[in-house]
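Residue-level listing of the chains:
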Amino acid sequence: MNEKEIVINFQEFKSLEELNAEDRELAGAALDAMRNAYAPYSHFHVGAAVRMSNGQIVRGANQENAAFPSGLCAERTAMFAASAKYPDRDMTSLALAGGVHGRLTDRPATPCGACRQVMAQYQTKAGKPMSVIMIGASKIWKFEKVDDILPLIFNSI
Ligand code: THU
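Residues numbered from 1 in each chain as written. Predicted model: local features only at pLDDT ≥ 70, side-chain atom pairs only at ≥ 80, totals over all residues. Heavy atoms only, no water.

A. Structural view of the side chain of Asp148. Mapping Asp148 onto the fold places it in the segment after strand S6 (140-143). In this structure the side chain of Asp148 is engaged in a polar contact, spanning 2.9 Å, whose partner is the side chain of Lys145. Among all residues touching Asp148, those that are not within four sequence positions of it are Ile8, Asn9 and Phe143. (Helix = DSSP H or I, 4+ residues; strand = E, 2+ residues; numbered from the N terminus. Polar contact = N/O pair within 3.5 Å; in protein donor to acceptor, adjacent residues only side chain to side chain. Contact = heavy atoms within 4.5 Å.)

B. Summary view of the packing of helix H2 (residues 74-85) against helix H3 (residues 113-126). Put simply, H2 and H3 touch, their axes get as near as 9 Å, and they point 25 degrees apart. The pairing of H2 with H3 is recorded here as roughly parallel in orientation. Crossing of H2 against H3: the hand is left-handed. Contacts between H2 and H3 involve Glu75, Arg76, Met79, Phe80 and Ser83 on the former and, on the latter, Ala114, Cys115, Val118, Met119 and Tyr122. The class makeup of the residues in the contact of H2 with H3 is seven nonpolar, one polar and two charged. (Axes fitted to C-alpha atoms, helices over the stretch in contact; angles between N-to-C directions. Parallel < 35°, antiparallel > 145°, perpendicular 65-115°, else oblique. Left-handed = near helix turned anticlockwise from the far one by under 90°. Nonpolar A, V, L, I, M, F, W, Y, C, P; charged D, E, K, R; others polar.)

C. Here's a closer look at unusual backbone geometry. Even without being a glycine, His43 presents a positive backbone phi close to 60 degrees. Mapped onto the fold, His43 is located in the loop between helix H1 (21-33) and strand S2 (44-52). The partly exposed category is assigned to His43, whose relative accessible area is 33%. Non-glycine residue His101 carries a positive phi angle of around 55 degrees. Mapped onto the elements, His101 comes out in the loop between strand S4 (91-100) and H3. (Buried < 20%, exposed > 50% of the residue type's maximum accessible area, 1.4 Å probe, protein only.)

D. Summary view of the nonpolar core. Ranked by internal contacts, the top residues of the largest apolar core, which has 28 residues, are Met79, Met91, Leu94, Met119, Val132 and Val146. For this core, the elements supplying multiple residues, two or more each, are S2, H2, S4, H3, strand S5 (131-135) and S6. Among the elements that line this core, the one with the most residues is H3, at five residues. Setting aside its immediate chain neighbours within four residues, Leu94 contacts Leu26, Ala49, Val50, Glu75, Met79, Met119, Met130, Ser131, Val132 and Ile133. (Core = buried A, V, L, I, M, F, W, Y, C linked by side-chain atoms within 4.5 Å.)

E. Broad picture of the site of the ligand. Near the ligand the following residues occur: Ser42, Phe44, Val46, Asn62, Glu64, Cys73, Ala74, Glu75, Thr110, Pro111 and Cys112. Between the ligand and Glu64 there is a distance of 2.5 Å, counted from an oxygen atom to a side-chain nitrogen or oxygen. Here an oxygen atom of the ligand and a backbone polar atom of Cys112 are 2.9 Å apart. Listing elements by their share of the shell around the ligand, those giving two or more residues are S2 and H2. A per-class count over the shell around the ligand returns six nonpolar, three polar and two charged. (Near = heavy atom within 4 Å.)

F. Expanded view of the sheet that holds strand S3 (residues 57-61). What the six strands build is an open sheet, ordered S1-S6-S5-S4-S2-S3; its pairing is mixed. Edge positions in the sheet fall to strand S1 (11-13) and S3, since each of these pairs with one other strand and no more. Strand after strand, the sheet turns through a mean of 15 degrees between neighbouring axes, direction not considered. As paired elements, S4 and S5 share five bridges and run parallel to each other. (Pairing = 2+ DSSP bridges.)

G. Representation of empty space enclosed by the protein. Scanning the entire structure with this criterion turns up one cavity of 30 Å³ or more. Roughly 50 Å³ of internal volume is contained in the largest cavity. Lining the largest cavity are Ser83, Tyr86, Pro87, Arg89, Asp90, Met91, Tyr122, Lys125 and Ala126. Take the lining of the largest cavity: its biggest share by element is three residues, from H3. (1 Å grid on protein atoms, 1.4 Å probe; cavity = no way out; pocket = protein on both sides within 12 Å on 5 of 7 lines; lining within 4 Å. Points joined across faces, edges and corners; volume = space filled by probe spheres on them.)

Structure (structure tokens):
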């Protein structure tokens, strides 16, 4: 038997100003997209923004429904919109931000497992890493690839 270890590396920034220009723009789009959340049940407003291989940014926000499972997270809203509109382009990075009644959480909001799986699939489709940026009021986390937030990705079929 061998002990194995999975190591996750990520960067922590103190403010948006510390990000490079591209990431700052994407983060700004995710923060802005929080305003488009429809969250009458949880009141947790999430915004997401996906950057495409040609530099274009597609936004999404969580959409809730009285039949709870019918709603959708901001990240999947953004990724599905991006893929539906630009099926031939790769997604190079995704940023997200969230908070109750639109007030940004202090600690960065982290994507749910289902959104991570969808990110993983689009990363596999692209054949190159998709970075993930999680924005909080007091810190920002950047992961260089989806594998870092979803180790042992399922992509076997
Ligand atoms: N939500 C997202 O939009 N993204 C996530 O990664 C986790 C949760 C939304 C779903 C629901 O509308 C609200 O946040 C509370 O769970």
